[in-house]
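# Structural features, examined
Each chain, written out:
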Amino acid sequence: MLSVVRSAHRARVPASPADPGRPLVPRLPYVVAAGLVALLNGWTFAEVLGAGLPGLLIGALYALPVAVAWYRPLTAWWIMLGLLAGMTALGVGDWAPWLVTETLSQAPVVFTVALVSTRRVTAAVFLITLGTGVLSELWLPDESPHMVQAMLNWGLALLAVTVIGLYLRMRRLSTLRIAEEYGKRRLLEERARIARELHDLVAHHMSVIAVRAATAPYRIKDAASEEVWQEFRDINAAASSSLAEMRQLLGVLRSEGDDDPPTTPQPGLADLAELAESARRAGTPVRLELPERAPELGAALSLTVYRIVQEALSNVIKHAGGATARVAIGLDGGDLVVEVVNEAGARSGAGSGYGLVGMRERVSLAGGRLSAGATGDGRYAVRAVLPREAK
């Protein structure tokens, strides 16, 4: 129970599922509501009840929980509850119109608590608030004929904001759950695609091994003994068996509707110029910087470099249309460094973030490191460091 209360006190207004950098509920409405509560309650106590200057101060006190609610909802509720009990002790609570200003002060606080807390905490907050209000009315003499109706309206208003807060919280959690499931699905699809591409590369090398082992007796002829020929036959059989097993694995990885495997060779470092030219035709100026002497890379690493640049340029075209991009391939000791940096575009949009999934998976598979994010001068940079030798 203590852990539940402790977590409820630490709760804050959550971020919007559509934009993690923006809160689900803006801060400005709370500031405006706090100002209105201070003015309305201050006028009520100062003019209607004739309290004068102390009434204005009491109105400011009622604005305090509303202002605090956005930062610490449960703390704001404790302040609100203390004010309700304090006003009852001062004899203010049996005047029906005053419940309107009471509702305006309590509604934002109870709504925020329901928005950030569990259902158990929300139910407790609602029932304790309702019970405190009812007890305050029973404590004081009923002098207004409209008090029962006012109390009913007050209770219904608190119930309404509680239900709305719970609904928004459940909808946000549902959205986050769907986004998480979608992200996992995209991750699995990307891993399957990487596995299919690696299958093509490995299958090519295995085919070469099988063919060379099968044709070795005809090329070497009588230069070796029968034991050597048997060794070549065993190598050919093992390579052919591995190819068959890899084809079965590929059948498991291949998704529905992808029955026709690609027949073109996998792209690599040598195809980056053509990739840059296709991006230029799409309206994105690309400056390609390659070493004077192309580094010797394995087929898998060369494909990884190509896919990283391809995905990074796709993101530039989608989210920073028209921006100039620089693609740089260089060497840093025993590592290969791939950088794609784009300027701020004429149009920009927040991407889903799933474009980075494939890049991170490929870099992780190669034993490298990937960083991606905005720079201090408004540009966006993707940088991958890939070891040239497998770790």
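Below: a short report on this structure. (Residues numbered from 1 in each chain as written. Predicted model: local features only at pLDDT ≥ 70, side-chain atom pairs only at ≥ 80, totals over all residues. Heavy atoms only, no water.)

## What to know about the pairing of strand E5 (residues 380-387)
Spelled out, the test is: Residue burial is assigned from relative accessible area. The probe radius is 1.4 Å, only protein chains are included, and a residue is buried under 20% of its type maximum, exposed over 50%, and partly exposed in between. Comment: elements are numbered from the N terminus, with helices defined as DSSP H or I runs of at least four residues and strands as E runs of at least two. Note on pairing: DSSP must find at least two bridges between two strands before they are called paired.
With 6 of 8 residues buried, E5 lies mostly within the body of the structure. Summarising the sheet, strand E3 (residues 335-342) and E5 pair through 8 bridges and their orientation is antiparallel. Within the sheet, the bridge partner assigned to Asn342 lies in E5 and is Tyr380. Direction of pairing for strand E4 (residues 369-374) relative to E5: antiparallel, over a ladder of 6 bridges. Paired with Ala374 across the bridge in E5 is Tyr380. Where E4 hands over to E5, the hairpin turn is made up of 5 residues, of which Gly378 adopts a positive phi near 90°.

## A closer look at the pattern of salt bridges
Our working rule: Here a salt bridge means any side-chain nitrogen of Lys or Arg lying within 4 Å of a carboxyl oxygen belonging to Asp or Glu.
For the coordinates displayed, the defined rule picks out 6 salt bridges. A salt bridge links Glu180 to Lys184; the nearest nitrogen and oxygen atoms lie 3.7 Å apart. Placement of the pair is Glu180 and Lys184 together in helix H7 (residues 147-220), with a separation of 4 residues, close to one helical turn. The exposure class assigned to Glu180 is partly exposed, which follows from its relative accessible area of 47%. Taking the shortest distance from any N to any O, the salt bridge between Glu339 and Arg383 comes out at 3.0 Å. Of this pair, Glu339 sits in strand E3 while Arg383 sits in strand E5, placing them 44 residues apart in sequence. Residue Glu339 is classed as partly exposed on the basis of its relative accessible area, which comes to 22%. Each of Arg287, Glu289, Arg326, Glu339 and Arg383 takes part in a single network of salt bridges with overlapping partners.

## Quick notes on the sheet that holds E3
Our working definition: Angular values range over 0 to 180 degrees, each being the angle between N-to-C directions of two axes fitted as lines to C-alpha atoms, with helices fitted over their stretch in contact.
Ordered by their spatial adjacency, 5 strands build an open sheet running E1-E2-E3-E5-E4, and the pairing between neighbours is mixed. Looking at the sheet topology across the chains shown, the edges are occupied by strand E1 (286-289) and E4. When the angles between neighbouring strand axes are averaged without regard to direction, this sheet yields 10°. Inspection of the sheet shows strand E2 (residues 325-332) paired to E3 by 8 bridges, in the antiparallel sense.

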